[in-house]
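# Fold and geometry: a report
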Amino acid sequence: MFELILSGYAAVFADPMSIGMVFLGVMVGIIFGALPGLTVVAGLSMFLPVTYVMASNVGLSMLTAIYIGGTSGGLISAILLNIPGTPASIATTFEGAPMAKNGLAGKALGLGVFASLVGTLIGVAVMTLLSPTLALLTLKFGPWEYFTVTFFALTLISALTGKSIVKGLLSALFGMMFATIGLSPIDSARRYTFGSLQLTSGFHLLVVLVGLYAISEVLSAASSKRPPVKVLSYKMKGLGFSAKDLKGNWINLIRSSLVGLGIGILPGIGGSTSNIIAYSVSKNASKHPEKYGTGIPDGIIASESSNNASIGGAMIPLLTLGIPGDGATAILLGGFMLHGMVPGPLLFQQNGDLIYNIFGSMLLATVFVAILMWAGMRMFVKILKVPTHILVPLIVVLCSIGAYALGNRVFDMWGLLLFGVIGLLMSRFKIPVPPFILGFILEGALETNLRRGLEYSNGNFWEVFTRPISSMFLILTLLSLATTLYKQYRSAKRAKGA
Amino acid sequence: MNSDSKKELGVGIFFLVLSVAYMIGTTTISTFTPFGNRGLDSRSIPLLIGILTVIMSSIQIISILVKEHKMKIVSSEQVSDETEEVCDPDEIACVEPPKGTIIQRIDNVVPVKLVLSMLFLMIYIAAYQRVGFILSSIFFLMAESFLLVRDEERKKWRIFIILFSIGASVIIYFVFTKYLSLFLPRGILG
């Protein structure tokens, strides 16, 4: 395994094309992460068609570089505008903005970049070591194990995203409904095609993802009345901070990275949640919790290390099980599929060299992010002033190319608009989008494995309980549902008391 | 009932109606069981999804109605306790008179920019194949940029938006077709 890791890493550093695309990806990612209102998912959607003609390793490396750059880039606007560039940097604003107001913007930016670097490195290291081992384990999975693990992922994300478990489950079921359009697995029966030839192949995953994330963002930008942003001034010498600033924060840094990593592994949650949880954990463990919110480095370190560590965490279920960890990894799943690969246990056996190559490029991207942000902060701050009325229409044009190029049909572009409107309405009615995505992605695997399992067992469903791994996942499913219901009951009771 | 509860109730009703329509749709799905019925057919999972959606949407509707009922009881008790006059939010007299121009009032309910954005996108998609990528993109970039730019800055950005729309559309077309080997429709420029 270590030979493969080393050769994969070496291949990246020996290929100038890969290095160039990783660099470009990081630049694009930081810009999309930094610009409020545009997320890393929009950046990934926009650049997906660019990777169509690239070699698989180069194209996928570029996409992962956008993901890493975008997650880190959010800290710039969080500190200088007091607006999180991405949902993953919400907690960074809690300390970053007060620090900037106190004239310490340079230090806040420097510490944020450093925490991002350490967080991403920890995430990538754990992903590199853990993914192949987990992939070997999942090779032993049969249809019942796959059915229960996908069922667990679906219920977990429905329970954990949003405030209402019912709305989370409804969102997942809504996504599953769209996934049933087209030909059914196993026997290829037509479902909900209404005699349309176009609908026979169903909706492509990328059309759904780009529509829900990028087009809905664009539509929402059109309907929002955002006031013009005011960038706070900053001065940054060297790294922006000294070793003294890190004193007493090393445990916070490691702990927050591990929190981010663990949350990233859970399907559908990722950096947008991990930064807030890591911030709360850091505050609870701190000797001076009263200082949180006034502008102290501890909060920035917690937030930025955790959201970046979530990248490696979110990649683990994607690569080993084909279950995306968050919105960005859902787009990456589409990227893998476009390049003829299906993430899952066989990926390491069939495309091992390519996977280690991507791991290597992620490491390279992490280093590029740090160098670019430390050296080119002035340029990124200037980009914050690029008006959205220029960027937003351009995103639509590029996303449309991506959809059209899937099968040279305008039908997919109509699909973009449909899912864009659905995404917009879901956000207006506070229905979480991640369960919808996971429902859409996992319905096929869920149905195929359930039907296959029942065929193997001659229609006996109880066989699922006789297998240890599937039983374990069923128990975990029940536990996650029960825990969420109990938490909702308690918070409702508390609200009533207040 | 406040607007949040109305929204939540709307979500429940939407999913209930959708699930019923979806379940009716399962009757059109053909099934094949060449080796005997040893489990599920192609109709079973959609039916299961439909049933689960009915259950979940019913829970959503019932929970909102129960919550509203409880709130009504609590508020009626408070009203009887208090001596001063309490305004019923459902009464028309209690609704604040609308402010601003007619356009602003419509915009508060349905954002005009959003509707126009969707309209531009629809025209763009409809024209994509027939008119071609370059012309349809020039139209879309220009229309959408002029729509999104702030009113007071429109004049300042006018020339830039026009040049940018033309330049970006042409550059994107040539980069994608010549260097990235993707097919994009030429349309009437063909």
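Residues numbered from 1 in each chain as written. Chains lettered and ligands numbered in written order. Predicted model: local features only at pLDDT ≥ 70, side-chain atom pairs only at ≥ 80, totals over all residues. Heavy atoms only, no water.

### Notes on the packing of helix α12 (residues 250-265) of chain A against helix α14 (residues 297-321) of chain A
Residue and element names in this part refer to chain A. This is how it is decided: Only the contacting stretch of a helix is used when fitting its axis, a line to C-alpha atoms as for every element, and angles between N-to-C directions run 0 to 180 degrees. Every helix listed is a DSSP run of H or I at least four residues long, and every strand listed is a run of E at least two residues long, numbered separately from the N terminus. In this scheme, a crossing is called left-handed if the near helix is turned counterclockwise away from the far one by less than a right angle; it is called right-handed if the turn is clockwise. Every residue pair with non-hydrogen atoms within 4.5 Å of one another is taken to be in contact.
Here α12 crosses α14 at 35°, and the two axes come no closer than 6 Å. Here the hand of the crossing between α12 and α14 comes out right-handed. Touching Asn 252, Leu 253, Ser 256, Ser 257, Gly 260, Leu 261, Gly 264 and Ile 265 of α12 are Asp 298, Ile 301, Ala 302, Ser 305, Ser 306, Ala 309, Ser 310, Gly 312, Gly 313, Ala 314, Ile 316 and Pro 317, all from α14.

### Examining the packing of aromatic side chains
Counted only if it meets this: Only Phe, Tyr and Trp rings are paired, with Trp represented by its six-membered ring, and only when their centres lie within 6.5 Å; those with planes under 30 degrees apart are stacked, over 60 edge-to-face, the remainder tilted. Ring-over charges, as used throughout, are those where CZ of Arg or NZ of Lys falls within 6 Å of the ring centre and within 35 degrees of the ring normal.
Tallied over the full model, the rule gives 37 aromatic pairs over all chains. The interplanar angle of 85° and the centroid separation of 5.6 Å between the aromatic rings of Trp 144 of chain A and Phe 461 of chain A together place this pair among those described as edge-to-face. With Trp 144 of chain A in helix α7 (residues 143-160) and Phe 461 of chain A in the loop between α21 (433-456) and α22 (468-497), the pair connects residues that are 317 residues apart, well separated along the chain. On the basis of an interplanar angle of 85° and a centroid distance of 6.0 Å, the ring pair of Phe 174 of chain A and Phe 14 of chain B is categorised as edge-to-face. Note that Phe 174 of chain A is positioned in helix α8 (residues 165-179) and Phe 14 of chain B in helix α1 (residues 3-25), a pairing that runs across two chains. One aromatic cluster is present, built from ring pairs that chain together Phe 174, Phe 178, Phe 203, Phe 411, Phe 419 and Phe 436 of chain A together with Phe 14 and Phe 15 of chain B. Residue placement shows Lys 7 of chain B over the ring face of Phe 429 of chain A; its charged tip is 6.0 Å from the ring centre.

### Description of the side chain of Asn 307 of chain A
Residue and element names in this part refer to chain A. We apply this condition: We call a residue buried when its accessible area falls under 20% of the maximum for its residue type, exposed when it is over 50%, and partly exposed in between, using a 1.4 Å probe and counting protein chains only. Any pair of nitrogen or oxygen atoms within 3.5 Å is treated as a polar contact; in protein, a donor-acceptor pairing is required on top of that, and neighbouring residues in sequence qualify only through side-chain atoms on both sides.
Tracing the backbone through its elements, the reader meets Asn 307 in helix α14. With a relative accessible area of 1%, Asn 307 lands in the buried category. Of the polar contacts made by the side chain of Asn 307, one reaches the side chain of Glu 304; its length is 3.5 Å. Only 2.7 Å separates the side chain of Asn 307 from the side chain of Asn 308, close enough to count as a polar contact. Residue contacts for Asn 307: discarding those within four places in its chain leaves Thr 71, Ala 88, Ser 89, Gly 271, Ser 274 and Asn 275.

### Thoughts on the nonpolar core
What counts, and what does not: To qualify as a nonpolar core, a set must consist of buried Ala, Val, Leu, Ile, Met, Phe, Trp, Tyr and Cys residues joined through side-chain atoms within 4.5 Å.
Within the largest apolar cluster, 188 residues are counted, with the highest numbers of intra-cluster contacts made by Ile 76 of chain A together with Phe 133 of chain B. Top element by residues in this core is helix α17 (residues 352-375) of chain A. It accounts for 14 residues. Once residues lying within four places of it in the same chain are set aside, the contact partners of Ile 76 of chain A are Ile 30, Ala 34, Leu 81, Leu 109, Met 373, Met 377, Phe 380, Val 381 and Leu 384 of chain A. Phe 141, Tyr 146, Val 149 and Phe 152 of chain A belong to the second largest nonpolar core, which has 6 residues in total.

### Some details on the packing of helix α3 (residues 40-47) of chain A against helix α4 (residues 56-80) of chain A
Helix-helix packing is characterised by the crossing angle of the two axes and by the distance between the axes. All names here are of chain A. For clarity, the cut-off: Comment on the angle field: the value is read as roughly parallel under 35 degrees, roughly antiparallel over 145, roughly perpendicular from 65 to 115, and oblique elsewhere. Each residue gets one of three labels, nonpolar for Ala, Val, Leu, Ile, Met, Phe, Trp, Tyr, Cys and Pro, charged for Asp, Glu, Lys and Arg, and polar for the others, Gly among them.
Between α3 and α4, whose axes approach to 9 Å, the crossing angle comes to 160°. For the element pair α3 / α4, the angle class is roughly antiparallel. Handedness of the crossing formed by α3 with α4: right-handed. Counting all contacts with α3, which are made through Val 40, Gly 43, Leu 44 and Phe 47, the residues of α4 involved are Met 62, Leu 63, Ile 66, Tyr 67 and Gly 70. Its residues assigned to classes, the contact of α3 with α4 comprises 7 nonpolar, 2 polar and no charged.

### Re the interface of chain B and chain A
Formally: Computed with a 1.4 Å rolling probe, the buried area is the accessible surface lost when two parts are put together, summed over both parts. We define a salt bridge as a side-chain nitrogen of Lys or Arg found within 4 Å of a carboxyl oxygen belonging to Asp or Glu.
The interface of chain B with chain A comprises 65 residues on the first partner and 61 residues on the second. Taking both partners together, chain B and chain A bury about 5500 Å²; carbon and sulfur atoms supply 77% of that area. Put simply, chain B and chain A have 1 salt bridge between them. The shortest N-O distance in the salt bridge between Glu 8 of chain B and Lys 167 of chain A comes to 2.6 Å. At the boundary of chain B and chain A, one finds 8 residue pairs in polar contact (both at pLDDT 80 or more). Elements supplying a minimum of two residues to the side of chain B that touches chain A: α1, α2 (44-81), α3 (102-109), α4 (112-131), α5 (133-148) and α6 (154-179) of chain B. At 11 residues, the largest contribution of residues to the side of chain B that touches chain A is made by α4 of chain B. Tallied by class, residues from the side of chain B that touches chain A come to 40 nonpolar, 15 polar and 10 charged.

### A closer look at a nonpolar patch on the surface
Residues and elements named next belong to chain B. What counts, and what does not: Patches here: salt-bridge-free residues with over 30% relative accessible area, like charges joined within 9 Å, nonpolar side chains (Val, Leu, Ile, Met, Phe, Trp, Tyr) joined within 5 Å. Using a 1.4 Å probe, the Shrake-Rupley method yields the accessible areas, and only the shown protein chains count as cover for residues.
A cluster of nonpolar side chains, namely Leu 47, Leu 48, Ile 51, Leu 52, Ile 55 and Ile 59, defines an oily patch on the protein surface of about 470 Å² accessible area. In this structure, Ile 59 sits in helix α2. Residue classification places Ile 59 among the partly exposed positions, given a relative accessible area of 39%.

### A closer look at the confidence of the model for chain B
Residue and element names in this part refer to chain B. Under the convention used in this document: The predictor attaches a confidence to each residue, and that confidence, scored 0 to 100, is pLDDT.
For chain B, per-residue confidence averages 84 on the pLDDT scale, and 80% of positions sit at 70 or higher. Taking the mean pLDDT of every element in chain B, the minimum, 61, falls on α3 and the maximum, 94, on α5. Counting interchain partners and residues more than four positions distant, the pLDDT-below-50 stretch residues 91-95 has 3 contacts. Scoring the predicted complex yields pTM 0.81 and, for the interface, ipTM 0.84.

### Examining the environment of Ala 21 of chain B
Residue and element names in this part refer to chain B. Looking at the secondary structure, you find Ala 21 in helix α1. The exposure class assigned to Ala 21 is partly exposed, which follows from its relative accessible area of 47%. Residues Ala 21 and Ile 172, 151 residues apart in the sequence, show an inter-C-alpha distance of 43 Å.

### Things to note about the environment of Ala 302 of chain A
Residues and elements named next belong to chain A. Along the chain, the position of Ala 302 falls in helix α14. Distance in space between the C-alpha atoms of Ala 302 and Ile 215 is 32 Å, their sequence separation being 87 residues. Setting aside anything within four residues of it in sequence, one finds Ala 302 in contact with Asn 252, Ser 256, Ala 278, Tyr 279 and Ser 282.

### Description of the pattern of salt bridges
Residues and elements named next belong to chain A. Throughout the structure, instances matching the rule amount to 10 salt bridges over all chains. With a shortest N-O distance of 3.0 Å, Asp 245 and Lys 107 are connected by a salt bridge. Of the two residues, Asp 245 sits in helix α11 (residues 243-246) while Lys 107 sits in helix α6 (residues 105-138), which places them 138 residues apart along the sequence. When its relative accessible area of 14% is taken as the criterion, Asp 245 is described as buried. Residue Lys 107 is classed as partly exposed on the basis of its relative accessible area, which comes to 25%. Residues Arg 191 and Glu 447 are paired through a salt bridge, measuring 2.8 Å at the closest nitrogen-oxygen approach. Residue Arg 191 is found in strand β2 (residues 190-191), and its partner Glu 447 is found in helix α21; the two are separated by 256 residues along the sequence. Via salt bridges that share partners, Asp 187, Arg 191, Glu 447 and Arg 451 belong to a single interconnected network.

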